[in-house]
Amino acid sequence: MTRVPRVFAADQAQDARDCLPDLPPELAQLVAGAGSVSPYLLGLMQKESEWCAEAFDDPAAAIRAVIDGAGDASPDQLGSHLRQGKRRVALMTGLADLSGAWPLEQVTAALSDFADAACQAALKSALEAQIKRGKLPGMNVEDAQTGAGMVVLAMGKMGAKELNYSSDIDLICLFDETRFDPDDFHDARTAFIRATRMMSGTLSDLTGEGYVFRTDLRLRPDPAVTPVCMAMEAAERYYESLGRTWERAAYIKARPAAGDLAAGNTFLKALRPFVWRRHLDFAAIQDAHDMRLAIREHKGLGGPITLPGHNMKLGRGGIREIEFFTQTRQLIAGGRDPDLRVRGTCAGLAVLSDKGWLPAEVAETLTDHYRAHRTVEHRVQMIRDAQTHTLPKSDEGFARLAAMMDQDVGDLQAALHRRLAEVHHLTEGFFAGSDVRSSDAAQPDAHVFDGAVIDRWLSYPALRSQRAADLFAELRPALLLRLSRADKPDEALRAFDGFLSRLPAGVQLFSLLKINPQLSDLLIDIVSTSPELAEYLSRNAAVLDAVIGGDFFSDWPGEAALTDTLSATLKLEGDYEARLDATRRWAREWHFRVGVHHLRGLTDAMTAGAQYADLARAVLQALWSVVIDEFARKHGVPPGRGAVLVGMGSLGARRLTATSDLDMIVIYDADGIEASDGKRPLASRVYHARLTQAMITAMTAPMSQGRLYEVDMRLRPSGSQGPVATSFASFESYQMGEAWVWEHLALTRADIVAGPQDLARDFEVARGKVLGKSRNRTETLHEVARMRARLAAAKAPDGPWDAKNGPGRLQDIELLAQAGALLKGETAVLIPSGLDAAAQEQIIDAQQAEVLKQAYATCWSLQSATRLLSASVLQSEKLGQAGQSFLTRSLGCDTLQDLEAHLAQTYDSAANIITAAFADDADNAPKETP
């Protein structure tokens, strides 16, 4: 022993001596000191006194015996057995740690080895239960020992064998789908999910004996929408297409810990291109820096170093600073130098120094501080087995900690402050970067950019050749100047940096930028004008491959071709979740293209609106069949004639903006069939309600690529109070006898999107009957006027840039057009047609109809343009120069002031016409009952 804890609480020290009498003096002193400073260790001594006395002869062998025997218990006793093992390992490693007999690495390795063994024992037991129940096709009980195709990856500290006393364990559970026939895939996945949950419960459930390890399964891909155990193929696809820098960093420490270790190693090998990039990946510096700052802001850990309550893990100068520093440097160069691909933090610092990527004195200093920080962290957690990383806030707490460290309080506090400050100094300099070069700040009004971002550009693959570097040197001043005029210059710079860092070569692109101003402006406008498109571009730079190749500017394929393309794409995906993910990726690419074409003036607002609608309809058509197939797998095919998706509002009118949600209703016809005939049959009404909900979830679930669309079903009969799916008979009966005027107005813009043709035809016939029924003109117009008044009272326009709400704007003009179509007994899918109908019904005259058509076109152009710039109503004072140019160009005005004046005149002219139209009928309207 090199040190012994000082006695802190005499009564607890005596309790420790009493439960372990007859020890040699040196061990007795250790036991007394440990028991006095740590109520947790004292409790373990009292529970495991007999074992502990014997284990002192050879602590390492005693712990190894516990680890080797982790699975030596029946299933009903396994939880208790593992909790006893955890107590023994924690007790003996704690005493070895406090005494200085074991270095940090031996302590953490012992805790990690037991975690491996506990996971293996719990997983084996869980898999055996599934196999015995016949839930894992083709597997026998013996296969459970090797995971039956499933592996548990240890992540974070467990993966690096750096576990704390009170660490939770971060696990990713995967299974090898190639071990199973395709027909058995879903059964196997279900069994593995159950086994994972059972394993996690065995380890983390809190019983009278405590827990084994708190288990965290959230490091898997997109945990909000993915199962706790995923197929390896699906996980690999996620990382290849959507993986982020923090996930790359997490996989530095990943290690197969339980189950099918060979399959786990094969998976990690396949993931190497994702984790370790071929080029020098300096973009990781900024990503890691952003993560550091985000953690500080989220946890409130900024500001100067003050010891009371300081977080030794996440706080300034703490453990996470050293880990980020090490992992980021590994990510930068690990693709080129395989020797850097080590898991441990200290091992990483050592190899970075050995290979010349880090000065030896820096590596040695950070290694020393890391071990000291971790030792303090262990002591803090050892007090009460609490998952904490904060230093004490009281004098008594520091006195206890100092006793555990066998130090005086003053010496401990001075050492802590010195180490934290030095870690912060060494790591912050690496992440903060240098100042911008003066040549890039020549413009007196130019924005001062982050020099670290600009300085690393020359290290990117696209600028490695001298020719590429020379070309880019000519382009850079103009690029920076354009970026500085963005609404948020730093965000625009990061988006451009993300794009530049991923280019495999630069000569061709830089030459095109130099000689083709439109292409150059395209790239700059994307990042400086539209935050939505800029964000997408920063994450999906491969989209620009199509721009450079020319396919990006080909003719729009149309709804049918888009549907066929997406359907073919989805057939290549292995499972339902993968198809949902693939739909999102596919839709985002096309959505991006529509926005870019509009932004650059290659299409106008009306064309962009039609293309957004084509895209949405293609997604609905392709995904509807996928959702039905998945639902039918459990509950059978849709009973009767199935169901149709009916687009309402802007979707039915085939005009959407970049941020439109989708208004829909679902109509089904069970055709007299009472229930489905699947493995789990459902009554027809319940079947279609749940099928509709499954479709809504497929569209709105926040998966790795986000949501597809927001869906609004409130236009169905009885609104939000009615069933989400309506039978055809109920729909027809309701519309003919009970529906309000506003519901008939909505029906003028309904349009079938997907579903069986025969039911679609019957829907159109029924709709024609509803719209063609005789109705009182005066009463109808009176009801529409009342609706207009209610809308005006409920939602006032939010300034001149609100094209939707308010008199003389989109909603107001649409209401009049729908009223004209309803009175004429026809549809108003196209608003100009509805205005013509209003003129034919003498609600307005022909000249007024033309004025309203022009006003509608202006409002739509404004709505489409502003939604490309911002998801909410535009604030002109925050609009950058590029955004102003796009807006004025889209509406044919020279300046923003001219545009505001034009809009005011347009709104007033349209509002006056509509107000007068409804006022003409007011005298003949039926009087309301008081």
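Keep in mind that what you see is a predicted model, and the values were worked out from it rather than measured. (Residues numbered from 1 in each chain as written. Predicted model: local features only at pLDDT ≥ 70, side-chain atom pairs only at ≥ 80, totals over all residues. Heavy atoms only, no water.)

1. With respect to the overall build of the chain
- When helices and strands are counted, the chain shows 40 helices and 10 strands.
- Looking at the chain as a whole, 57% of its 930 residues are labelled buried.
- Partitioning the intrachain contacts of the chain with sequence separation of at least 6 by distance along the chain shows that 73% fall at a separation of at least 24. (Helix = DSSP H or I, 4+ residues; strand = E, 2+ residues; numbered from the N terminus. Buried < 20%, exposed > 50% of the residue type's maximum accessible area, 1.4 Å probe, protein only. Contact = heavy atoms within 4.5 Å.)

2. Examining helix H32 (residues 728–737)
- Taken residue by residue, H32 has Phe-728, Phe-731, Tyr-734 and Gln-735 as its buried positions. Across the axial projection of H32, the buried residues extend over an arc of 135°, all falling on one side. Opposite its buried face, H32 presents the exposed residues Ala-729 and Gly-737, each directed more than 90 degrees away.
- On its buried face, H32 is in contact with strand E7 (662–669), strand E9 (725–727), helix H33 (741–747) and helix H34 (757–772). (Arc of directions from axis to C-beta.)

3. Remarks on the nonpolar core
- One finds Trp-457, Leu-500 and Met-699 to be the most contacted residues of the largest nonpolar core, which totals 147 residues.
- Formed by 105 residues, the second largest nonpolar core is a distinct cluster that contains Ala-34, Trp-51, Trp-102 and Met-158. (Core = buried A, V, L, I, M, F, W, Y, C linked by side-chain atoms within 4.5 Å.)

4. Overview of the pairing of strand E2 (residues 169–175)
- Among the seven residues that make up E2, seven are buried, leaving the element largely enclosed by the rest of the structure.
- Remark: the E2/helix H9 (residues 185–204)/strand E3 (residues 215–216) crossover connection has right-handed handedness.
- Pairing of E2 with strand E4 (residues 229–231) involves three bridges; the strand directions are parallel. Residue pairing for E4: Phe-175 is matched across the bridge by Ala-231. (Right-handed = clockwise from strand over helix to strand, strands pointing away. Pairing = 2+ DSSP bridges.)

5. Describing the packing of helix H3 (residues 39–47) against helix H6 (residues 78–99)
- Where H3 meets H6, the closest approach of the two axes is 10 Å, and the angle between their N-to-C directions is 125°. In terms of orientation, H3 and H6 fall into the oblique class. Every pair of crossing elements has a handedness; the one defined by H3 and H6 is left-handed. Contact with H3, carried on its side by Tyr-40, Leu-41, Leu-44, Met-45 and Lys-47, involves Arg-87, Ala-90, Leu-91, Leu-95 and Leu-98 of H6 and no other residues of that element.
- Counted by class, the contact of H3 with H6 contains eight nonpolar, no polar and two charged residues. (Axes fitted to C-alpha atoms, helices over the stretch in contact; angles between N-to-C directions. Parallel < 35°, antiparallel > 145°, perpendicular 65-115°, else oblique. Left-handed = near helix turned anticlockwise from the far one by under 90°. Nonpolar A, V, L, I, M, F, W, Y, C, P; charged D, E, K, R; others polar.)

6. Concerning a negative patch on the surface
- The grouping of Glu-50, Glu-54, Asp-57 and Asp-58 at the surface amounts to a negative patch.
- Here Asp-58 is to be found in the loop between helix H4 (49–55) and helix H5 (59–68). (Patch = residues over 30% accessible without salt bridge, like charges linked within 9 Å, V, L, I, M, F, W, Y side chains within 5 Å. Areas by Shrake-Rupley, 256 points an atom, 1.4 Å probe, with all protein chains shown as cover. Salt bridge = Lys/Arg side-chain N within 4 Å of Asp/Glu carboxyl O. Lys, Arg positive; Asp, Glu negative; His and termini not counted. Charge placed at Lys NZ, Arg CZ, Asp CG, Glu CD.)

7. Side note on the environment of Gln-818
- In this fold, Gln-818 is placed in helix H36 (residues 810–824).
- A relative accessible area of 10% means that Gln-818 is categorised as buried.
- Sequence spacing of Gln-818 and Gly-834 is 16 residues, and the spatial spacing of their C-alpha atoms is 5.8 Å.
- Residues within four places of Gln-818 in sequence aside, it is in contact with Leu-745, Ala-746, Thr-748, Arg-749 and Ala-828.

8. Things to note about helix H35 (residues 777–794)
- Between its terminal C-alpha atoms H35 stretches 26 Å, which fits the 26 Å expected from 18 residues at 1.5 Å a residue.
- Among the residues making up H35, those that are buried are Thr-778, Thr-780, Leu-781, His-782, Val-784, Met-787 and Arg-788.
- In the core, the buried residues of H35 are packed alongside H33, H36 and helix H40 (896–919).
- If you check the start of H35, you find a side-chain oxygen 2.9 Å away from the backbone N of Thr-778, and it comes from Asn-776. (Expected span 1.5 Å × (residues − 1). Polar contact = N/O pair within 3.5 Å; in protein donor to acceptor, adjacent residues only side chain to side chain.)

9. What about the packing of aromatic side chains?
- On inspection of all chains with the given rule, the structure shows 14 aromatic pairs.
- Relative to Phe-192, the ring of Phe-180 lies with its centre 5.7 Å away and its plane at 70°, an arrangement referred to as edge-to-face. Note that Phe-180 is positioned in the loop between E2 and H9 and Phe-192 in helix H9, a separation of 12 residues in sequence. In this pair, the class of Phe-180 matches that of Phe-192, namely buried.
- Among the aromatic residues, those joined into a cluster by ring pairs are Tyr-238, Tyr-239, Tyr-251, Phe-267 and Phe-274.
- When the ring centre of Phe-213 is taken as reference, the NZ or CZ atom of Lys-86 above it lies at 4.3 Å.
- Positioned above the aromatic ring of Tyr-907, the side-chain terminus of Arg-809 is 3.9 Å from the ring centre. (Phe/Tyr/Trp six-rings, centres within 6.5 Å; stacked < 30°, edge-to-face > 60°. Lys NZ or Arg CZ within 6 Å of the ring centre and 35° of its normal.)

10. A look at the side chain of His-744
- Within the secondary structure layout, His-744 lies in helix H33.
- Residue His-744 is classed as buried on the basis of its relative accessible area, which comes to 4%.
- Within the structure, the side chain of His-744 is placed 2.9 Å from the backbone oxygen of Gln-735, a separation counted as a polar contact.
- In this structure His-744 touches Gln-735, Ala-739, Val-770, Leu-771, Lys-773, Arg-775 and Leu-822, once residues within four positions along its chain are discounted.

11. With respect to the environment of Val-646
- Inspection of the secondary structure assignment puts Val-646 in strand E6 (residues 642–648).
- Taking the C-alpha atoms as reference points, Val-646 and Asp-751, 105 residues apart in sequence, are found 5.6 Å from one another.
- Discounting chain neighbours no more than four positions away, the residues touching Val-646 are Asp-663, Met-664, Ile-665, Ile-667, Ala-750, Asp-751, Ile-752 and Phe-763.

12. Focus: the packing of H6 against H9
- Their axes nearest at 9 Å, the elements H6 and H9 cross at an angle of 50°. As judged from the angle between their axes, H6 and H9 are oblique. Across from Leu-78, Gly-79, Leu-82 and Arg-83 in H6, the residues of H9 making contact are Gly-201, Thr-202 and Leu-203.
- Taken together, the residues of the contact of H6 with H9 sort by class into three nonpolar, three polar and one charged.

13. Details of the pattern of salt bridges
- Tallied over the full model, the rule gives 42 salt bridges.
- Between Lys-124 and Glu-128 there is a salt bridge whose closest N-O contact spans 2.7 Å. Placement of the pair is Lys-124 and Glu-128 together in helix H7 (residues 104–132), with a separation of four residues, close to one helical turn.
- Glu-128 gets classed as buried once you look at its relative accessible area, which sits at 13%.
- Where Arg-617 meets Glu-559, a salt bridge forms, and the shortest distance between an N and an O atom there is 2.9 Å. Pair noted here: Arg-617 is in helix H29 (residues 605–635) and Glu-559 is in helix H27 (residues 559–571), with a separation of 58 residues, a long-range link.

14. Some details on unusual backbone geometry
- Of note, the phi angle at Asp-406 is positive, near 55°, even though the residue is not glycine.
- Examined against the element boundaries, Asp-406 turns out to sit in the loop between helix H18 (395–405) and helix H19 (409–432).
- Unlike most non-glycine residues, Arg-654 shows phi in positive territory, near 60°.
- Assignment of secondary structure puts Arg-654 in the loop between helix H30 (649–652) and E7.

15. Description of the side chain of Glu-177
- With respect to the helices, strands and loops of the structure, Glu-177 is situated in the loop between E2 and H9.
- It is Arg-237 that comes nearest to the buried, bridge-free Glu-177 among opposite-charge side chains, at 7.0 Å.

16. A look at a positive patch on the surface
- Together, Arg-133, Lys-135, Arg-194 and Arg-197 give the surface a local cluster of positive charge.
- Its place among the elements puts Arg-133 in the loop between H7 and strand E1 (150–155).
- Judged by its relative accessible area of 53%, Arg-133 falls in the exposed class.

17. Looking at the confidence of the model for the chain
- Per-residue confidence for the chain gives a mean pLDDT of 87, with 89% of residues at or over 70.
- Scored below 50 in pLDDT, residues 433–444 makes 18 contacts in the model with residues more than four places away or belonging to other chains.
- Predicted confidence is poor over residues 925–930, with pLDDT under 50, and the contacts of this stretch with residues over four places away or in other chains come to seven contacts. (pLDDT = per-residue confidence, 0-100.)

18. A few points about the environment of Leu-903
- Positionally, Leu-903 belongs in helix H40.
- Owing to a relative accessible area of 0%, Leu-903 belongs among the buried residues under this scheme.
- Measuring from C-alpha to C-alpha, the distance between Leu-903 and Pro-800 comes to 7.0 Å, with 103 residues separating the pair along the chain.
- Not counting chain neighbours up to four residues away, the residues in contact with Leu-903 comprise Pro-800, Trp-801, Thr-858, Leu-862 and Leu-891.

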